[in-house]
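Report on the structure
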Amino acid sequence: MLSIAIVISGRGSNMRSIIEAKEKQYLDIDIKAVVSNKPDAAGIEYAADKGYRTEIVDQTLFEDLDSYNRTLKNRLEQLDADLIVLAGYMRILPPELVDTFAGRMINIHPSLLPEFTGLNTHRRALNAGKEKHGASVHFVTAKLDGGPVIAQAEVPILKKDTEEILAQRVLQQEHRLYPAVIKLFEQNRIKCSGNYPVLDDAPLTEPITINANSDITNGIT
Ligand code: GAR
């Protein structure tokens, strides 16, 4: 069975969608722990209430960023999960940590990468006059939001959209996309080779794309 560790910083709605996918038996996974850099992350309370192991690595208790990141890396290594799932972890990870988990760490980002890496993606998509926006799941590399993209959920931008409305619509799709991508790992169908994800032994030259109408009941291809 695929084992995962989920790393969060806040609300944890993506983490929740993964837990719910497990509860509904869409995913057959062992969630080894939910890790947060913030003790008061709402997602931590939810995970603890559900009986999952939670771990806090409180960055404010460390003298410097290096020692914080070293401790985080050690904790994640100790969990010995097959896959590290970043779900709203809002800090930049150093190359040593990322390299340790190369090909075994994924992130969800609220844009159609490579567009809009970094923060405020919804506002920037609106300001740029885009017609399409969405979310991406990618392998984590040392380049911020720059690792090989596995799959994307596309969301149209509508005339009346505000940043909040658009963010909400994208988030709904994130909650479908992330469990579907984790299912690919559970089924042992996806890995990372250099700059490309490899799906069913073939390089994935374009991300898998879903939208609100896609039926992903049995996973994605
Ligand atoms: C999500 O929209 C996720 O894509 C984004 O933060 C939000 C976390 O929400 N992640 C990033 O911006 C990472 N760079 P959640 O805590 O409710 O899952």
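Data block above holds the structure.
Residues numbered from 1 in each chain as written. Predicted model: local features only at pLDDT ≥ 70, side-chain atom pairs only at ≥ 80, totals over all residues. Heavy atoms only, no water.

**Description of the overall build of the protein chain**
- From N to C terminus, the protein chain includes six helices and 11 strands.
- In terms of C-alpha radius of gyration, the protein chain reaches 17 Å, essentially the compact-globule figure of 17 Å for 221 residues.
- C-alpha extents for the protein chain along the principal axes are approximately 45 × 35 × 35 Å.
- Every one of the 221 residues in the protein chain was classed for burial, and the buried ones make up 50%.
- Long-range pairs, those at least 24 residues apart, make up 63% of the contacts in the protein chain with a sequence separation of at least 6.
- Per element, the accessible surface of the protein chain, about 11,100 Å² overall, is 46% carbon and sulfur. (Helix = DSSP H or I, 4+ residues; strand = E, 2+ residues; numbered from the N terminus. Rg over C-alpha atoms; globule rule 2.2 N^0.38 Å. Buried < 20%, exposed > 50% of the residue type's maximum accessible area, 1.4 Å probe, protein only. Contact = heavy atoms within 4.5 Å. Areas by Shrake-Rupley, 256 points an atom, 1.4 Å probe, with all protein chains shown as cover.)

**So, the site of the ligand**
- Residues in contact with the ligand, as listed here, are Arg11, Gly12, Ser13, Asn14, Gly88, Met90, Ile108, His109, Pro110, Leu171 and Glu174.
- Within the contact set of the ligand, an oxygen atom lies 2.6 Å away from a side-chain nitrogen or oxygen of Arg11.
- Between the ligand and Gly12, the relevant distance is 2.8 Å, taken from an oxygen atom to a main-chain nitrogen or oxygen of the residue.
- Expressed as a share of its isolated accessible area of 450 Å², the protein-covered part of the ligand is 87%. (Near = heavy atom within 4 Å. Polar contact = N/O pair within 3.5 Å; in protein donor to acceptor, adjacent residues only side chain to side chain.)

**What about the packing of aromatic side chains?**
- Evaluation of the coordinates by the stated rule reveals two aromatic pairs.
- Centroid distance Phe62 to Tyr68: 5.8 Å. Interplanar angle 70 degrees. Geometry classified as edge-to-face.
- When its relative accessible area of 1% is taken as the criterion, Tyr68 is described as buried.
- Centroid distance Phe139 to Phe185: 5.8 Å. Interplanar angle 70 degrees. Geometry classified as edge-to-face. Taken together, the residues Phe139 in strand β6 (residues 132-139) and Phe185 in helix α6 (residues 163-186) connect sequence positions 46 residues apart. For the pair shown, Phe139 and Phe185 are each scored as buried.
- Directly above the ring of Tyr26 sits Lys183, whose terminal nitrogen or CZ lies 4.8 Å from the centroid. (Phe/Tyr/Trp six-rings, centres within 6.5 Å; stacked < 30°, edge-to-face > 60°. Lys NZ or Arg CZ within 6 Å of the ring centre and 35° of its normal.)

Fair warning: the whole summary comes from geometry, so function is off the table for now.
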